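Overview (structure and organization)
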2 protein chains.
Amino acid sequence: MKNPPPMPNKAATLHDVAREAGVSAITASRALSNPGVVSDATIERVRNAVAKTGYIPNLLAGGLKSKRSMTVAGLVPVISVPQFLPTIRSLTETLDAQGYQLILGQSGYDHSREEKLLNTMISRRPDGIVITGLVHSRAARQQLQRLGIPIVEMWDLSDRPVDMMVGFSHLKVGSAIAGYFLAKGWQRLGIATGDDHRAMMRHDGFCAAVGHPVATAIVPAPSSLEMGRKAMADLLAQDPKLQAVYCSSDGFAQGVVIEAQSRGLRVPQDVAVCGFGDADFAAHLRPSLTTVQVDGAEIGRRAAQLIVDRCAGRAIEHPVVDLGFRIVERESTGA
Amino acid sequence: MKNPPPMPNKAATLHDVAREAGVSAITASRALSNPGVVSDATIERVRNAVAKTGYIPNLLAGGLKSKRSMTVAGLVPVISVPQFLPTIRSLTETLDAQGYQLILGQSGYDHSREEKLLNTMISRRPDGIVITGLVHSRAARQQLQRLGIPIVEMWDLSDRPVDMMVGFSHLKVGSAIAGYFLAKGWQRLGIATGDDHRAMMRHDGFCAAVGHPVATAIVPAPSSLEMGRKAMADLLAQDPKLQAVYCSSDGFAQGVVIEAQSRGLRVPQDVAVCGFGDADFAAHLRPSLTTVQVDGAEIGRRAAQLIVDRCAGRAIEHPVVDLGFRIVERESTGA
DNA sequence: CTGTTAGCGCTTTCAG
DNA sequence: CTGAAAGCGCTAACAG
């Protein structure tokens, strides 16, 4: 049975455990973190001592000496953007499964804050850093490279990674959607997009592929259903005979659909709508929403694995991973 | 004399800064973290030395000695539940503004995992802990109290807090919605709810206030739009003449509305629907969604402030904060 | 397999 | 206002 521990005024340290087990501190340490090199009998005694003292390791102290904090910094624009949630979740879980803790930071959509946040993160000495989007500032790139720890830029692709990358081409997404619209014979097109870098790359790809001017509504990121309604009102003012609209997120697209419907327009018969991200609700709306599927969870898993592998000293065969994307055709474009 | 370090192999430490500035390490430390007690001239020289060396403090080392890690652990069931996003965001931002970093952990909806996660978190020696929901396990309660750091349980209320609390009564939410439905003269009621503790408390409050059996669909948390459609199909099978349905989240409610509409039922004329949470999209759907507004962002702010105040040694006047809630009447219940 | 020694980088004493 | 000494709790490096 368990006796109530004699009121540990101080949290138990490894020394307390060692004394209790009748071994030295380093042996206790090894018994817990590297049991292979310690005799079974000793492990057993140390384990008992841990239970008795209620010892919980101090990772700050361990990290100071071993230079491994077992943390990974994650930078996202804003935590509450649904887009990145599956990624954050799989990052958290994949890292957790290997003993690492994700430390999340919000960089905002403002690039100047990014550098400040980076410093805050670095001061916790993470073993790796995962960044949403590309690192543009020269100063930040150099600083990251100097750190000598694994860095993953995710949710985008470029030909000069700071270190590693997991993402896809936003330019190609934009032109793929334009191609899809044009193949349907739609000429009067519209685009409703957030103003962040990645959404604007899709915008650029879209416009380049269309080749003629399209109705455009640009809203400050992150976009929302509410802004979708306003954006659609705006687009219809620019071209009342709009045939198809691409939107930079699914929630945004939902607002566009609702605004169209509230004006008596039928989707897709009068106007077709395509979103981006394949949110969990997209398939279950009425009409179900055509969108671009990107495997956000896989991005997180791969990013985490790259970091962990590099930390373990394993060689990385493919430091730049293109996960691609796929247009999922549903009712909102007449599927 | 040596030339400027072109390639710092090692990250600069406070000693490097001190040497560069021609002062002792402790003075450099004070110049950076407690400038009030250092002469302006010295501060200036230390600042320059920091810039020159590219010094970034090591908070692990500082925390080890000072016993203040400047981190706060946050436990949420699942990061990707939209419900808690405003809270996580305001927690992050409020803490950040005061120099603290939120360390997020997913406890899942499984109570057994909670204790394990707690240990992981404690091993990083946070200065405070914020937990979503109540801590039920006796072992966990005792362990938390032993730690001697500020603890906030949030998003719920009880009469025996581990330490501090910021939330509202789910039981009251449930009975308020039931009262609202009954006042409208609706008798044939339904409830679609997730199976987590808080949602079930609302369920209990709802049922107790109604006083007679209601059609019920319980789904595993977290609920989704997709599950809302299924739940509504289920409820209509139980009672095809349902007059009003309460749903445990707004996304869930949206699925209920869509399923009703897809069967030719008009909302609210044939069946009224009420959600929970007042998500950003609720006001902009068609019909706009009646729901229960809870100030999730304020919960986060208050929780963060309680932790920070306690860390600063300030007395807490009200360790238990009831933020209440409010039914927002919209079109989906005939407003 | 186990122990000794020596710090990791910083901040808390306690003195000037 | 500034400094010297003394660790925080843990683990790398080297003995045995």
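Calculation rules
- Residues numbered from 1 in each chain as written.
- Chains lettered and ligands numbered in written order.
- Predicted model: local features only at pLDDT ≥ 70, side-chain atom pairs only at ≥ 80, totals over all residues.
- Heavy atoms only, no water.
- Domains from an automatic or database assignment.
- Near = heavy atom within 4 Å.
- Polar contact = N/O pair within 3.5 Å; in protein donor to acceptor, adjacent residues only side chain to side chain.
- Helix = DSSP H or I, 4+ residues; strand = E, 2+ residues; numbered from the N terminus.
- Axes fitted to C-alpha atoms, helices over the stretch in contact; angles between N-to-C directions.
- Parallel < 35°, antiparallel > 145°, perpendicular 65-115°, else oblique.
- Left-handed = near helix turned anticlockwise from the far one by under 90°.
- Contact = heavy atoms within 4.5 Å.
- Nonpolar A, V, L, I, M, F, W, Y, C, P; charged D, E, K, R; others polar.
- Pairing = 2+ DSSP bridges.
- Buried area = accessible area lost by both parts, 1.4 Å probe.
- Salt bridge = Lys/Arg side-chain N within 4 Å of Asp/Glu carboxyl O.
- Buried < 20%, exposed > 50% of the residue type's maximum accessible area, 1.4 Å probe, protein only.
- Core = buried A, V, L, I, M, F, W, Y, C linked by side-chain atoms within 4.5 Å.
- Least-squares fit on C-alpha atoms with pLDDT ≥ 70 in both.
- Right-handed = clockwise from strand over helix to strand, strands pointing away.
- Phe/Tyr/Trp six-rings, centres within 6.5 Å; stacked < 30°, edge-to-face > 60°.
- Lys NZ or Arg CZ within 6 Å of the ring centre and 35° of its normal.

Put simply, an interface is often sized by how much accessible area is lost when its parts join up. When its domains are assigned, chain A resolves into domain 1 (14-57), domain 2 (69-168 + 296-324) and domain 3 (170-293). Computed from C-alpha coordinates alone, the two centres of domain 1 of chain A and domain 2 of chain A are separated by 35 Å.

As a further point, take the protein's contact with DNA strand D. Looking at DNA strand D, there are 25 residues lining it, with Leu 14, Ser 29 and Tyr 55 of chain A together with Arg 30 and Thr 42 of chain B nearest. In DNA strand D, atoms within 4 Å of the protein come from the sugar-phosphate backbone in 62% of cases. A distance of 2.5 Å is found between a phosphate oxygen of DNA strand D and a side-chain nitrogen or oxygen belonging to Tyr 55 of chain A. A distance of 3.1 Å is found between a base nitrogen of DNA strand D and a backbone nitrogen or oxygen belonging to Ala 61 of chain A.

A few words now on the protein's contact with DNA strand C. Neighbouring DNA strand C are 24 residues; Thr 42 and Lys 65 of chain A together with Leu 14, Ser 29 and Tyr 55 of chain B lie closest to it. For DNA strand C, the fraction of protein-proximal atoms (within 4 Å) that sit in sugar or phosphate groups is 60%. For DNA strand C, a phosphate oxygen lies 2.7 Å from a polar atom in the side chain of Thr 27 of chain A. In this structure, a phosphate oxygen belonging to DNA strand C sits 2.5 Å away from a side-chain N or O atom of Tyr 55 of chain B. Among the elements of the structure, helix 2 (25-33) and helix 4 (59-66) of chain A together with helix 1 (14-21), helix 2 (25-33) and helix 4 (59-66) of chain B are those that each provide at least two residues to the surface near DNA strand C.

All names here are of chain A. Axis separation between helix 10 (residues 225-238) and helix 11 (residues 250-262) bottoms out at 6 Å; the angle between their running directions is 50 degrees. By the angle between their axes, helix 10 is oblique relative to helix 11. Judged by the sense of rotation from one axis to the other, the crossing of helix 10 with helix 11 is right-handed. Along its contact with helix 10, which presents Leu 225, Met 227, Gly 228, Arg 229, Ala 231, Met 232 and Ala 233, the element helix 11 presents Gly 251, Phe 252, Gln 254, Gly 255, Val 256, Ile 258, Glu 259, Ala 260 and Ser 262. Per-class residue counts for the contact of helix 10 with helix 11 are nine nonpolar, five polar and two charged.

A separate point is the sheet that holds strand 4 (residues 151-154) of chain A. All names here are of chain A. Strand order in the open sheet formed by six strands is 2-1-3-4-5-11, with parallel pairing between adjacent strands. The sheet is open, and its two edges are formed by strand 2 (101-106) and strand 11 (320-322), each paired on a single side. For this sheet, the mean angle separating the axes of adjacent strands, direction not counted, is 20 degrees. Sheet analysis places strand 1 (residues 71-76) next to strand 2, joined by six bridges and oriented parallel. Within strand 2, the residue paired with Val 72 across the bridge is Leu 102.

What follows deals with the interface of chain A and chain B. Contacts between chain A and chain B engage 50 residues on the former and 50 residues on the latter. Of the roughly 4600 Å² buried between chain A and chain B, counting both surfaces, carbon and sulfur atoms make up 59%. When the buried area of chain A at its contact with chain B is split by residue, Ile 56, Leu 60 and Arg 124 of chain A rank highest and sum to 16% of it. Linking chain A with chain B are zero salt bridges, by the criterion used here. On the surface where chain A and chain B come into contact, there are 20 residue pairs in polar contact (both at pLDDT 80 or more). Sorting the residues of the side of chain A that touches chain B by element identifies helix 4, helix 5 (85-97), strand 2, helix 6 (111-122), helix 7 (138-147), helix 10 and helix 11 of chain A as the ones contributing at least two each. Looking at which element gives the most residues to the side of chain A that touches chain B, the answer is helix 5 of chain A, with six residues.

Any two side chains of opposite charge can pair, on the condition that their charged atoms come close. Residue and element names in this part refer to chain A. The final tally for this structure, using the stated rule, is 28 salt bridges over all chains. Among the ionic pairs, Arg 301 bridges to Glu 298, the shortest N-O distance being 3.0 Å. Pair noted here: Arg 301 and Glu 298 are both in helix 12 (residues 296-311), with a separation of three residues, about one helical turn. The exposure class of Arg 301 is partly exposed, given its relative accessible area of 36%. Connected through salt bridges with shared partners, the residues Arg 229, Glu 259 and Arg 263 form a single ionic network.

Time to look at the nonpolar core. Val 152, Phe 181 and Phe 206 of chain A together with Val 152, Phe 181 and Phe 206 of chain B are the most contacted members of the largest nonpolar core, which has 93 residues in total. Excluding residues within four positions of it along the chain, Phe 206 of chain B makes contact with Gly 174, Ser 175, Ile 177, Ala 178, Phe 181, Leu 189, Gly 190, Ile 191, Val 214 and Tyr 246 of chain B. One finds Ala 73, Leu 144 and Ile 149 of chain A together with Val 162 of chain B within the second-largest nonpolar core, a separate group that totals 31 residues.

In screw terms, the move from chain A to chain B is a rotation of 180 degrees and a rise of 0.1 Å along the axis, fitting with an RMSD of 0.1 Å. The relationship between the two copies is best expressed as a two-fold rotation axis. By residue overlap, the copies meet face to face through one surface: 98% of the interface positions of chain A are interface positions in chain B.

Looking now at the sheet that holds strand 9 (residues 272-274) of chain A. All names here are of chain A. Here four strands make up an open sheet; going across it, the order is 7-6-8-9 and the pairing parallel. Edge positions in the open sheet fall to strand 7 (215-219) and strand 9, since each of these has one partner strand only. Taking the axes of each pair of neighbouring strands and ignoring which way they run, one obtains an average angle of 15 degrees across the sheet. Of the pairings in the sheet, the one linking strand 8 (residues 244-247) to strand 9 comprises three bridges and is parallel in character.

This part is about the side chain of Thr 193 of chain A. Residue and element names in this part refer to chain A. For Thr 193, the location among the structural elements is in strand 6 (residues 189-194). Of the residues examined, Thr 193 reaches a relative accessible area of 0% and is grouped as buried. Residue contacts for Thr 193: discarding those within four places in its chain leaves Ala 199, Met 200, His 203, Ala 217, Ile 218, Val 219, Ser 248 and Phe 252.

Residues and elements named next belong to chain A. Across the six residues that make up strand 2, a large majority, six, are buried. Neither face of strand 2 is left uncovered, since the one carrying Gln 101, Ile 103 and Gly 105 and the one carrying Leu 102, Leu 104 and Gln 106 both have all their residues buried. At this point the chain moves from strand 1, through helix 5, to the parallel strand 2, and the crossover so formed is right-handed.

Residues and elements named next belong to chain A. The alternating pattern of strand 4 places Ile 151 and Glu 153 on one face and Val 152 and Met 154 on the opposite face, and all of these are buried. Two elements, strand 3 (residues 128-132) and strand 4, share four bridges in a ladder whose sense is parallel. Bridge assignment links Ile 131 to a residue of strand 4, and that residue is Glu 153. Following the chain from strand 3 across helix 7 to the adjacent parallel strand 4, one finds a crossover that is right-handed. As judged from the three bridges shared by strand 4 and strand 5 (residues 164-167), these two strands associate in the parallel manner. Looking at the pairing, Met 154 lines up with Val 166 of strand 5.

By the definition in use, this model includes 14 aromatic pairs over all chains. An angle of 85 degrees between the planes, with centres 6.0 Å apart, marks the rings of Phe 181 of chain A and Phe 206 of chain A as edge-to-face. With Phe 181 of chain A in helix 8 (residues 170-183) and Phe 206 of chain A in helix 9 (residues 197-210), the pair connects residues that are 25 residues apart, well separated along the chain. Of the two residues, Phe 181 of chain A and Phe 206 of chain A, neither departs from the other in class, the shared state being buried. Ring geometry for Phe 206 of chain B versus Tyr 246 of chain B: centroids 5.7 Å apart, planes at 25 degrees, classification stacked. Note that Phe 206 of chain B is positioned in helix 9 (residues 197-210) and Tyr 246 of chain B in strand 8 (residues 244-247), a separation of 40 residues in sequence. Note on Tyr 246 of chain B: relative accessible area 0%, which makes it buried. Over the ring of Phe 276 of chain A we find Arg 202 of chain A, and its NZ or CZ is 3.7 Å from the ring centre.

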